[in-house]
Number of protein chains: 2
Amino acid sequence: MSNTAPQTLKGFRDFLPAEKIARDYVAKKITKTFELFGFEPLETPTLEYASLLLGKYGEEADKLVYTFEDKGKRQVGLRYDQTVPTARVLSQYQHQLPKYFRRYQIQNVFRADKPQRGRFREFTQCDIDIFGTKSPIADAEIIACTYAAFKDIGFPQIKIVINDRQVLFHYLNQFASEDLAVNSIIQTIDKLDKISPEAAIEELIKRGMSSSQAKDCLDSIKNAQPTDSLVDVIKTANSLGVSENDLIFNPYIARGLDYYTGSIFEIQIPIETFAVGSFAGGGRYDNLIEQLGGADTPAVGVAFGFDRIVEAAQTLNLIPQSNQSTQLLITVFDSSTLPYSLKVADQVRLAGIRTEIFPAQDNLPKQLKYANKKGIPFVAIIGPDEAEKEVITLKDMHTGEQSTLHLNEVVTKLSTSTNT
Amino acid sequence: MSNTAPQTLKGFRDFLPAEKIARDYVAKKITKTFELFGFEPLETPTLEYASLLLGKYGEEADKLVYTFEDKGKRQVGLRYDQTVPTARVLSQYQHQLPKYFRRYQIQNVFRADKPQRGRFREFTQCDIDIFGTKSPIADAEIIACTYAAFKDIGFPQIKIVINDRQVLFHYLNQFASEDLAVNSIIQTIDKLDKISPEAAIEELIKRGMSSSQAKDCLDSIKNAQPTDSLVDVIKTANSLGVSENDLIFNPYIARGLDYYTGSIFEIQIPIETFAVGSFAGGGRYDNLIEQLGGADTPAVGVAFGFDRIVEAAQTLNLIPQSNQSTQLLITVFDSSTLPYSLKVADQVRLAGIRTEIFPAQDNLPKQLKYANKKGIPFVAIIGPDEAEKEVITLKDMHTGEQSTLHLNEVVTKLSTSTNT
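Residues numbered from 1 in each chain as written. Chains lettered and ligands numbered in written order. Predicted model: local features only at pLDDT ≥ 70, side-chain atom pairs only at ≥ 80, totals over all residues. Heavy atoms only, no water.

Colleague: Would you take a moment to explain the overall build of chain A for this structure?
Modeller: Along the backbone of chain A there are 16 helices and 16 strands. Per-residue burial for chain A yields a buried fraction of 57% across its 420 residues. Counted over contacts in chain A with a minimum sequence separation of 6, partners at least 24 positions apart contribute 68%. A total accessible area of about 17,900 Å² is found for chain A, and carbon and sulfur atoms account for 48% of it. (Helix = DSSP H or I, 4+ residues; strand = E, 2+ residues; numbered from the N terminus. Buried < 20%, exposed > 50% of the residue type's maximum accessible area, 1.4 Å probe, protein only. Contact = heavy atoms within 4.5 Å. Areas by Shrake-Rupley, 256 points an atom, 1.4 Å probe, with all protein chains shown as cover.)

Colleague: Please clarify how helix H7 (residues 182–189) of chain B should be interpreted in this entry.
Modeller: Structural remark: α-helix, 3.6 residues per turn; residues separated by three or four positions point the same way. All names here are of chain B. A large share of H7 lies buried, amounting to six of its eight residues. Among all positions of H7, only Val-182, Ser-184, Ile-185, Ile-186, Thr-188 and Ile-189 are buried. Residues of H7 that are buried sit in contact with helix H6 (165–172), helix H8 (197–206) and helix H9 (211–222).

Colleague: I keep staring at the interface of chain A and chain B and nothing clicks. Help me out?
Modeller: The parts lose accessible area when they come together, and the size of an interface is often stated as this lost area. Contact with chain A, which involves 97 residues of that partner, is made by 96 residues of chain B. Regarding the contact of chain A and chain B, the summed buried area is about 8,500 Å², with carbon and sulfur atoms giving 60% of it. At the boundary of chain A with chain B, the tally comes to ten salt bridges. Across the pair B:Lys99 and A:Asp362 runs a salt bridge whose closest N-O atoms are separated by 3.9 Å. At the junction of chain A with chain B, the criterion picks out 26 residue pairs in polar contact (both at pLDDT 80 or more). Considered class by class, the residues forming the side of chain A that touches chain B number 46 nonpolar, 23 polar and 28 charged. (Buried area = accessible area lost by both parts, 1.4 Å probe. Salt bridge = Lys/Arg side-chain N within 4 Å of Asp/Glu carboxyl O. Polar contact = N/O pair within 3.5 Å; in protein donor to acceptor, adjacent residues only side chain to side chain. Nonpolar A, V, L, I, M, F, W, Y, C, P; charged D, E, K, R; others polar.)

Colleague: What is the right way to look at the relation of the copies chain A and chain B in this model?
Modeller: Mapping one chain copy onto the other needs a rotation about an axis and a shift along that axis. Superposing chain A onto chain B requires a rotation of 180 degrees together with a translation of 0.0 Å along the rotation axis, leaving an RMSD of 0.0 Å. Taken together, the rotation and translation describe the operation of a two-fold axis. Identified as the residue of chain A closest to the rotation axis by C-alpha distance is A:Phe68, at 3.2 Å. The share of interface residues of chain A whose copies in chain B are also at the interface is 99%, consistent with both copies meeting through the same surface. (Least-squares fit on C-alpha atoms with pLDDT ≥ 70 in both.)

Colleague: In this structure, what is going on with the sheet that holds strand S15 (residues 392–396) of chain B? I would like to understand it.
Modeller: Each strand in a sheet pairs with its neighbour through backbone hydrogen bonds, running either in the same direction (parallel) or in the opposite one (antiparallel). All names here are of chain B. One open sheet holds the five strands; their spatial order is S13-S12-S14-S15-S16, and the pairing between them is mixed. Edge positions in the sheet fall to strand S13 (355–357) and strand S16 (402–405), since each of these pairs with one other strand and no more. Neighbour to neighbour, the strand axes of the sheet diverge by 25 degrees on average, direction disregarded. As paired strands, strand S14 (residues 378–381) and S15 are joined by four bridges and run antiparallel to one another. Bridge pairing in S15 links Val-379 to Lys-395. Along the sheet, helix H14 (residues 364–374) makes contact with strand S12 (328–330), S13, S14 and S15, crossing S14 at roughly 160 degrees. (Pairing = 2+ DSSP bridges. Axes fitted to C-alpha atoms, helices over the stretch in contact; angles between N-to-C directions.)

Colleague: Would you explain the pattern of salt bridges in this entry?
Modeller: Charged atoms that come close allow side chains of opposite charge to pair. Inspection of every chain in the model, using the stated rule, returns 48 salt bridges over all chains. Linking A:Asp24 and A:Lys20 is a salt bridge whose minimum nitrogen-to-oxygen distance equals 3.2 Å. Taken together, the residues span about one helical turn, with A:Asp24 and A:Lys20 both in helix H1 (residues 17–36) at a distance of four residues. The pair formed by A:Asp24 and A:Lys20 is uniform in burial state, with each residue classed as buried. Here A:Lys215 and A:Asp219 are joined by a salt bridge, their closest N and O atoms 3.4 Å apart. Note that A:Lys215 and A:Asp219 are positioned in helix H9 (residues 211–222) at a spacing of four residues, about one turn of the helix. Here A:Lys215 falls in the partly exposed class, since its relative accessible area comes to 47%. The class of A:Asp219 is partly exposed, set by a relative accessible area of 30%. Several salt bridges share partner residues, and in doing so they unite A:Arg102, A:Glu141, B:Arg349, B:Glu356 and B:Lys374 into one network.

Colleague: Where do I start with the sheet that holds strand S3 (residues 67–69) of chain A in this structure?
Modeller: Residues and elements named next belong to chain A. If you walk across this open sheet you meet the three strands as S2-S4-S3, and the pairing is antiparallel. Unpaired on one side and paired on the other, strand S2 (47–49) and S3 mark the two borders of the sheet. Mean inter-strand twist for the sheet, computed between neighbouring axes without regard to direction, equals 35 degrees. Two strands pair when backbone bridges link them, and S3 and strand S4 (residues 75–78) are joined in this way by three bridges, in the antiparallel orientation.

Colleague: Please clarify how unusual backbone geometry should be interpreted in this entry.
Modeller: Of all residues except glycine, most have a negative phi; of all peptide bonds, most are trans. All names here are of chain A. Even without glycine at this site, Asn-317 takes up a positive phi of about 55 degrees. For Asn-317, the location among the structural elements is in the loop between helix H12 (306–315) and strand S12 (328–330). Overall, Asn-317 belongs to the exposed group, its relative accessible area being 67%. For Glu-390, which is not a glycine, the phi torsion comes out positive at approximately 55 degrees.

Colleague: How should I be thinking about the packing of helix H5 (residues 136–153) of chain B against helix H10 (residues 228–239) of chain B in this particular structure?
Modeller: The description of two helices packed together rests on the angle between their axes and the distance between the axes. Residues and elements named next belong to chain B. Between H5 and H10, the shortest axis-to-axis distance is 8 Å and the interhelical angle comes to 50 degrees. Comparing the axis directions of H5 and H10 gives the class oblique. Regarding H5 and H10, the two cross each other, and that crossing is right-handed. For the pair H5 and H10, contact is made by Pro-136, Ile-137, Asp-139, Ala-140 and Ile-143 and by Asp-232, Val-233, Thr-236 and Ala-237, respectively. Residues that form the contact of H5 with H10 fall into these classes: six nonpolar, one polar and two charged. (Parallel < 35°, antiparallel > 145°, perpendicular 65-115°, else oblique. Left-handed = near helix turned anticlockwise from the far one by under 90°.)

See the structure below:
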């Protein structure tokens, strides 16, 4: 560090206060909604036995798990997702957990992936899942909670597209064979939001279909109908507050992962800059927990793409400036006025105003410039006059206006204007 | 995982909902106070270049840093504390950060330490620091903020013991020599809350003092007086709300780490089960940031022992049961009453009640048992009668009382009784 410029590892990020405040704001909103829907928090360690993680995500993914040998010669790995550790928790604390465990988990995960725009080696995942029931109420709860979280952040338009793996199996099984698994076909279907139908047909031909089969295969999906259980899920979600216009059956929705067994859904924000891709996605995966070594446990859940959500919320100006940051700077004139500056700081903080006292002695223009640079909206100027009369000259840094006020007036003004 | 019982690595922990809710409650309180004092959040990556971390904490500590070679053959390491990464941030973003950077940071750190009672390999640190000023106002702000955080959690008694490294240097330099660094003497003084004066004298003799020197050395501290600048810090902290009775000069307080240069302090909670040890500790370290490769940057800060604080808060019953957990379970009778159950769920959630809907169909006793096991305080029983009359039979799981209420009455009752 002394000789070379200090830096973060590629694919890893520092979040300086302005960015961190925005992220915390969104995370708080999401957490509040999760709790409103009866989800309770779970935290698992950053490090796990490598044997727990490897072989769980598929061969390609195994390469992306950060693994190493620790000082006790144990093979260990960094958290890759939140589902596998939760499967361990379900198995390890079986008799302690409620029958229908519903948990939320917001932690960072690690992928030794090639860093590129919008793709990082450490990033935040927000998951909710309900374990232990096949009831469509559970699917609907997940969907309604997701919808409510996006609403609460303030997105003006939210579109949830939904399908059922059983719909895809029903229409696509006829095109599958020993050499062509139905899940491979589904992987091609899954790309239809990024590639043209022609390119999809080409890919299906490469997978072994004849040209006419490939065409029939795509056509078969076009007129697909939802299953009864999917209709149930949609109706139940509607009753739980999801507008009928915002929850749309779309038989082309496939979700890449092989482990889904029932409902599958994605959240889209229909604004121009974010037209492509989803902001959250999930579904029902009734076999995965058992496959991961747990007991036979049906499950349904969703994962939020936290980084994309924060980026979209910033683009749409949904994050209030004043939310968590400092509201008031109190100036220091000299040692004779310092006690009054300190008293004011103590009093406004007791009233809940987020306050910084200038931690040095410097001339007033420099103290104002400091507040300005930090984006602190109000400055309490305290000189000999103010100290003697026990008043405060409050400067609004936005308008430049100054007014002489009593302590309680300052509190009232700041409580209403910036303490959102 | 299929063949052996799944487990966490030794020294690592799962936090199941009840424990996680308690931890989140305390973290939220601490965060709120940090923000009240104008500290803004910072987040740094879990992984850093190993070269950043090694050689920064001393030889012994280097062994405790988790390091490994990543897939790109880079030597990397897991976060060991929050000071070194912040030193990197100060250097890397010098021109972006405010002159007096004051940040809080609450993240997990990793130590390849021998796990033992109360000592873990992954644990949470809460730090606040003010960089860029030697003013005693900064020391006092750190102390006042720490005091306010412990007050806000609800600790009935808080004792801050304070000293100044300059006091120790002043009285102890005369006993130091080329063969005996003053910091070695300080390390013995630091143990006086755990070992007897006799044992301390013995240790000083081992370090090379004569028996009478060792005795004189301890005696010299006994009547030590605070420096002028320490008196300033104490007075300023008092003005910022720290009661005079709770901030006590104690010349034996030494803090183990070599890097402190001025004020040093520890927070003690004088309750029987937690008589020994500190809950937070910090001080002024004006040379460390430069030693770590940054610019010449005076600094003062404190680190909270989050695990001990949570444990003490639980022991003293400072954490309300109902704080974040689910308030209401809504029962499901059959498919004919389901729409009304769903409607009630939607409505109470809109009113801010944390609500779970029973995600299955089962008989009422089982649904009540489920609520009981999960510790959900109220159950909204909805059968054909309730659905027809659009009312709710609300059962208080604590008293067993049942009453038939309208939706708005349920909301009022739950808002006042459990939504703390």
